[in-house]
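So you can see what is in the structure, the chains are spelled out below.
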Amino acid sequence: MPDPTPGQRPITGGERLHVVRSLYGDVPSFILGIVVAIVGSGLTAYRIGSVEIAAVCGVIALLAIARLISMALFAKAVSKSDDINLDAWERLYIILGALQVASVGCWSTAVFYYGNDALSELMSIACGVGFLIGIQGRNFSSPTIVRLQIVAAAVPVNIAFLLKNDIWYFICGVFFTLFLVSVLRTSARICGTFVEAVRTARVNASLAYRDPLTGLPNRAAMQRLLADAVARDRLPFALHFVDLDRFKRINDTLGHAMGDRLLVQAARRFHGLIGENDMISRYAGDEFVILQRLDGRPGEIAAFTDRLIASAAEPFDLGATKAQIGCSIGTALYPQDALTADLLTQRADTALYHVKNDGRGRSAFYSVEMSEKEQARLSMESDLRTALAADALTLAFQPIVRSGSFDIASCEALVRWQHPVLGNVPPATFLPIAEDAGLMDRVTDTTIRLACRAAAQWPGHVAVAVNISPSQLHRDDLVDVVEDTVRQYGLSPNRFEIEITENLPLEFEDKILARLTELKRFGIRLSLDDFGTGYSNLGYISRLPIDKIKIDKSFLRDIETDPRRMGLLRGVLRFVAQLDLCVLVEGVETPAQLDILAAEPDVDQMQGFIFGYPLSEKHVSELLHTVASRGRLDIPVQRREQAT
């Protein structure tokens, strides 16, 4: 490739391909120009009656055919691959182009030498000037080629002027030369503009296909590579969707800057594990996609995913702290699982979803059963949206009684969904779907509203408890929603209780603590649910502004027959009693359990099926008013048939 003009940076390999493409481009304009030259030279040969001019016309035509063939061959070569011999193609263009314009210049020389016809002279010079302008337009990307072709055309034309041996023709030759100098200078400027435009386009393309945070290829780049791998290569490969586990917790607790730092480290680790022919991209958020080329070795896919999981399990250094996360991987295989890029991507994502749903921290291959489950999940999500829009969710209420007096202190509100086809859908089935689909805010708002509406009809000493998902504690409007709803139904704040799970992260952010404190200041009562199943320690609990601790039902297992289990329960009760909080034991189901707990001085409240199954809003209201008139709850007080 010719050197760039002075002051320009050297042209890179990628830019050079664009330069050579431009040389062989715009075939229609070349055909138009060369047809004019062939017809014009033929007419002048006929007008002057010169065999020599006719021969020049023939040379022009033969060279034109050769150039058209070279253009067609170049287009075919480039359509197959960008990896072509640019030197050879550029050299061929220079040779044929120089011969072509020289032949057009020789037409003028022949006309001036063999004839004495002013019209023919004007026609040959006009066509030559037109060709010179075409040289600039066609070869604007290479000033050196422009100079070479202008010399090839200008020398025979100037010879033609000199052959007339006339001062006026000589002056025309001088003007013609000055015109050529102007063309050369303009060509250099156009070339500089073209090269910079190519460079700018390459930079923009790089930005369009590059993730600015990690430096990895982005989603668009991976989609393009996948399309090429399926359409051109047709070689087997594995597509891995890699999702960082518990990454949202890092963002929520430590901030997005720390999250970004972790992403960069994860990208560096994963990139270090891929093969030379593999590709990794940051696909979205905390999700990476890896295309792994397969060479047929047994177990190569499992070995690779194991390395990824082990790498993500190592602590991430975030400066002031170290974060322990992990990753989940869903894998789809080409061509076994799908023959198109879109379907393969969808199936790898489906496999990832099932891994995350089944416990995280592992990998799984796509299977047909996964798609069937995914279709069922999507159908249920759609039905849940419809149910929320129609206000079709309801609540059931389970009594919570005071130890000793056995009067009802409160009722826990449990959300229910009666599906028109499937019947009663368990909360354990539809609540995770609500979380994944971004519907949990609406479910929570509905639960709070229905709970307040029901409690407003109860005796004034009975409270209602609502379980709040950990994700809801990140809502900026949670405090407003609770306070506004309590006021709307005229409920005393101390009759509304929020249950939060013990499985909040240890490093829960200050914003969550501030929201809980604000609710407590308003008068809302707070309880810690499922105590003993998560991060049980006094330091953790002492920071929370809670009023009550609910001991998980797992502590009641075999306490009637196993002294060690009974000792464990008493130890937990004494442990919690030090905090001066209300103590509630969940899962009381047998008379023996009830007798044991009733004798424990540290047990304040109890909850379980022995006191009644969850009841509808109507039945619990009837129960509460009956108990209020009697002063205590009869055990058992209702039949199972009333349960919902």
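1. Examining the overall build of the protein
Secondary structure assignment for the protein yields 21 helices and 17 strands. Out of the 644 residues belonging to the protein, those deemed buried represent 48%. Counted over contacts in the protein with a minimum sequence separation of 6, partners at least 24 positions apart contribute 70%. Accessible area for the protein stands at about 30400 Å²; split by element, carbon and sulfur atoms hold 57% of it.

2. Some thoughts on helix H14 (residues 427-437)
The complete set of buried residues in H14 reads Phe430, Ile433, Ala434 and Ala437. Along H14, the residues classed as buried sweep out an arc of 105° about the axis, all on the same side. Backbone geometry just downstream of H14 places Gly438 in the positive-phi region, at approximately 75°.

3. What to know about helix H12 (residues 341-357)
With 17 residues, H12 extends 24 Å between its outermost C-alpha atoms, agreeing within 8% with the 24 Å of an ideal straight helix rising 1.5 Å per residue. Residues of H12 that are buried include every one of Ala341, Leu344, Thr345, Ala348, Thr350, Ala351, Leu352, Tyr353, His354 and Val355, and no others. One or two steps after H12, the chain reaches Gly359, where phi turns positive at roughly 130°.

4. Some words on the packing of aromatic side chains
Scanning the model with the defined rule gives 10 aromatic pairs in all. Relative to Phe288, the ring of Phe270 has its centre 5.5 Å away and its plane inclined at 85°; by these criteria the two rings are edge-to-face. Here Phe288 lies in strand E3 (residues 287-293) and Phe270 lies in helix H10 (residues 256-273), a separation of 18 residues in the sequence. The ring of Tyr209 has Arg224 sitting right over it, with the charged end atom 3.9 Å from the ring centre. Directly above the ring of Phe316 sits Arg269, whose terminal nitrogen or CZ lies 3.7 Å from the centroid.

Cut-off values and rules
- Residues numbered from 1 in each chain as written.
- Predicted model: local features only at pLDDT ≥ 70, side-chain atom pairs only at ≥ 80, totals over all residues.
- Heavy atoms only, no water.
- Helix = DSSP H or I, 4+ residues; strand = E, 2+ residues; numbered from the N terminus.
- Buried < 20%, exposed > 50% of the residue type's maximum accessible area, 1.4 Å probe, protein only.
- Contact = heavy atoms within 4.5 Å.
- Areas by Shrake-Rupley, 256 points an atom, 1.4 Å probe, with all protein chains shown as cover.
- Arc of directions from axis to C-beta.
- Expected span 1.5 Å × (residues − 1).
- Phe/Tyr/Trp six-rings, centres within 6.5 Å; stacked < 30°, edge-to-face > 60°.
- Lys NZ or Arg CZ within 6 Å of the ring centre and 35° of its normal.

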